[in-house]
Amino acid sequence: MSRHDADLELALRLADAADAITATRFRAHDLAVERKPDRTPVTDADVAVEDAVRAVLASERPDDVVMGEERGGTLDASRVWVLDPIDGTKNFLRGVPIWATLIALVEDGVPVVGVVSAPAMSRRWWAAAGGGAFASDASGERAISVSGVRSLEDAYVSTTDIKSWVEYHSREAYLRLVDATWESRAFGDFYQHCLVAEGAIDLAPECVANPWDIAPFQVLVTEAGGRFTSLDGEERYDGGSVLTSNGHLHEAALKLLAR
């Protein structure tokens, strides 16, 4: 039980509304795609999902503030819903089923509810502060927890795109971490942080991240027993970068990732 159960229930309904839109637009032949000023793609589904979620929140939480990737907003309020209508838009528009809607409620600067819904994968993850972390798939719902791996040489690490390390941080720093670990992959975007939360991988660093990209994972990973910080080691979702881990490996990974 969590004092945020009512907000979590609403967030899950928001995810249902998002899934109803994205499931019908995924692999649609008439999908409309544009480029934003930062050259990242946006589809008609991204906008439709954010508008639908905002409409529900306006009705059910009229005093709350909304910050979304497509319509903007502010984080400067006591209660803010942070939305990424489709995380993994490049996958979505190419027909790759690894994408999700991300929904978080932030109270006084700290995420307290997080929902990640990936309908093309038949997967969903959610958590509320003090209430544990959970996932569902075709086999049903279950509580989740991070791995118990305690040595970097046994660790499984994932990032989104190694080219981002060249532009925003240090390719050499990321490769130091890769060289110290057992195996590396690029599951990317939301999926790698969910895999950390459920104990399938151990570390997921990203050197550049927007608040809407990672807000749900601060509560999801920590409720699963792991750690969530920026690459500077700060426990904040708006620090511009992120490292999620099982906790045991966090400090060692931060040291290797330092420029």
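Please read all numbers here as calculations on a predicted model, not as lab measurements.

A.B. asks: Lay out the UniProt feature "binding site: Mg(2+)" (unreviewed entry) in the protein chain in plain terms, naming residues and giving numbers.
C.D. replies: Within the UniProt annotation, "binding site: Mg(2+)" (unreviewed entry) is assigned to Glu-69, Asp-84, Ile-86, Asp-87 and Asp-213. Annotated residues spanning 145 residues; largest pairwise C-alpha distance 9.6 Å, indicating a single compact cluster. Among the residues just listed, Asp-84 line the largest cavity. Tracing the backbone shows Asp-87 in strand 4 (residues 79-87). Beyond its immediate stretch of four places on either side in the chain, Asp-87 contacts Trp-99, Ala-100, Leu-102, Asp-189, Phe-190 and Asp-213. Mapped onto the elements of the fold, Asp-213 is located in helix 7 (residues 211-223).

A.B. asks: Requested: an account of empty space enclosed by the protein, with residues and values cited.
C.D. replies: Tallied over the entire structure, the rule returns one cavity of 30 Å³ or more. The calculated volume of the largest cavity comes to roughly 30 Å³. Along its surface, the largest cavity is lined by Val-49, Glu-50, Val-53, Leu-83, Asp-84, Pro-85, Thr-101, Leu-102 and Ile-103. Contributions of two or more residues to the lining of the largest cavity are made by helix 2 (44-60), strand 4 and strand 5 (100-107).

A.B. asks: Could you give an account of the packing of helix 5 (residues 171-180) against helix 8 (residues 250-257), with specific residues and numbers?
C.D. replies: Running from amino to carboxyl end, helix 5 crosses helix 8 at an angle of 135 degrees, the nearest separation of the two axes being 7 Å. With respect to each other, helix 5 and helix 8 are oriented oblique. Side by side, helix 5 and helix 8 meet where Ala-173, Tyr-174, Arg-176, Leu-177 and Ala-180 of the first sit next to Ala-253, Leu-256 and Leu-257 of the second. When its residues are assigned to classes, the contact of helix 5 with helix 8 shows seven nonpolar, no polar and one charged.

A.B. asks: Got a sec to walk through the nonpolar core? Specific residues and values, please.
C.D. replies: By size, the foremost hydrophobic cluster in this structure holds 36 residues, and its most contacted members are Val-82, Val-116, Trp-125, Phe-190, Phe-217 and Leu-220. Listing elements by their share of this core, those giving two or more residues are strand 4, strand 5, strand 6 (110-118), strand 7 (123-128), strand 8 (133-137), helix 6 (189-197) and helix 7. With seven residues, the single largest contributor to this core is helix 7. Taken together, domain 1 (4-143) and domain 2 (152-257) each give at least three residues to this core, which thus spans both. Ignoring anything within four residues of it in the chain, the contact list for Phe-190 reads Asp-87, Ile-98, Trp-99, Ala-100, Leu-102, Val-116, Ala-118, Met-121, Trp-125 and Phe-217. In this structure, Leu-8, Leu-14, Val-49 and Val-112 belong to the second largest nonpolar core, which totals 20 residues.

A.B. asks: I'd like to hear about helix 8, residue by residue, with values.
C.D. replies: Turning to helix 8, its buried residues are His-250, Ala-253, Leu-254 and Leu-257. The arc that holds the buried residues of helix 8, viewed along the axis, is 100 degrees, so those residues lie on one side. Here the buried face of helix 8 lies against helix 4 (162-168), helix 5, strand 12 (203-206), strand 13 (227-229) and strand 14 (242-245).

A.B. asks: Can you explain the pattern of salt bridges? Please cite residues and give values.
C.D. replies: Here the structure, examined in full by the defined rule, presents 18 salt bridges. Between Arg-13 and Glu-60 there is a salt bridge, and its shortest N-O distance comes to 2.8 Å. Of this pair, Arg-13 sits in helix 1 (residues 5-25) while Glu-60 sits in helix 2, and the two are 47 residues apart along the sequence. Among the residues examined, Glu-60 registers a relative accessible area of 32% and is labelled partly exposed. One salt-bridge network, in which partners are shared between bridges, spans Arg-3, Asp-7, Arg-61, Asp-64, Arg-79 and Glu-107.

A.B. asks: Tell me about the domain arrangement of the protein chain, and please be specific about residues and values.
C.D. replies: Domain boundaries in the protein chain define domain 1 (4-143) and domain 2 (152-257). Domain 1 and domain 2 are separated by 21 Å when their C-alpha centres are compared. The partner domain 2 presents 18 residues to the 37 residues of domain 1 that form the contact. Linking domain 1 to domain 2 there are two salt bridges. Residues Arg-123 and Glu-198 are paired through a salt bridge, measuring 2.8 Å at the closest nitrogen-oxygen approach. There are seven residue pairs in polar contact (both at pLDDT 80 or more) connecting domain 1 and domain 2. Elements that contribute at least two residues to the side of domain 1 that touches domain 2 include exactly strand 4, strand 5, strand 6, strand 7 and strand 8.

A.B. asks: Please provide a residue-by-residue account of the sheet that holds strand 8, values included.
C.D. replies: Strands sit in the order 3-4-5-6-7-8-9 across an open sheet of seven strands; the sheet is mixed. What marks the edges here is a single partner per strand, and that holds for strand 3 (65-68) and strand 9 (140-143). Averaged over all pairs of adjacent strands, the angle between their axes in this sheet comes to 15 degrees, without regard to strand direction. Bridge count between strand 5 and strand 6: seven bridges; the pairing is antiparallel. Within the sheet, the bridge partner assigned to Leu-102 lies in strand 6 and is Val-116. In the packing of helix 1 onto the sheet, contacts are made with strand 4, strand 5, strand 6 and strand 7, and the angle to strand 6 comes to roughly 30 degrees. Set on the sheet, helix 2 makes contact with strand 3, strand 4 and strand 5; between it and strand 4 the angle comes to about 155 degrees.

What counts, and at which threshold
- Residue indices begin from 1 for each chain and proceed along its sequence in written order.
- Local features in this predicted model are restricted to residues whose pLDDT is 70 or higher, and side-chain atom pairs enter the listing and the counts only when it is 80 or higher, whereas totals over whole chains, interfaces and linings include all residues.
- Heavy atoms throughout the structure, all of them, feed into the side-chain values; hydrogens and water do not.
- UniProt positions are given in the numbering used here, feature names are shortened, and annotations may be inferred rather than shown by experiment.
- Grid spacing is 1 Å over the protein atoms alone, the probe is 1.4 Å, and a cavity is where that probe fits but cannot get out, while a pocket is an open set with protein on both sides within 12 Å along at least five of seven lines and lining residues have an atom within 4 Å of a point.
- Working definition: helices are DSSP H or I runs of at least four residues, strands are E runs of at least two. Numbering for both runs from the N terminus.
- In this analysis, two residues are considered to be in contact whenever any of their non-hydrogen atoms come within 4.5 Å of each other.
- Grid points are joined across faces, edges and corners, and a volume is the space filled by probe spheres set on the points.
- Inter-axis angles, ranging from 0 to 180 degrees, are taken between N-to-C directions of lines fitted to C-alpha atoms, where helices are fitted over the stretch in contact.
- Note on terminology: angles under 35 degrees are roughly parallel, angles over 145 are roughly antiparallel, angles of 65 to 115 are roughly perpendicular, and the others are oblique.
- Each residue gets one of three labels, nonpolar for Ala, Val, Leu, Ile, Met, Phe, Trp, Tyr, Cys and Pro, charged for Asp, Glu, Lys and Arg, and polar for the others, Gly among them.
- What we call a nonpolar core is a set of buried Ala, Val, Leu, Ile, Met, Phe, Trp, Tyr and Cys residues that are connected through their side-chain atoms within 4.5 Å.
- Only protein chains enter the calculation, and the probe is 1.4 Å; a residue is then buried if its accessible area is under 20% of its type maximum, exposed if over 50%, and partly exposed in between.
- Each domain's extent was defined by an automatic or database domain assignment.
- Read the arc as the range of directions from the helix axis to the C-beta atoms.
- Salt bridges are defined as contacts in which a side-chain nitrogen from Lys or Arg sits within 4 Å of a carboxyl oxygen from Asp or Glu.
- Each polar contact in these results corresponds to two N or O atoms within 3.5 Å; when the atoms are within protein, one needs to be able to donate a hydrogen and the other to accept it, and residues that are neighboring in sequence are counted only if both atoms are side-chain atoms.
- In this scheme, strands are said to pair when DSSP sees at least two bridges between them.

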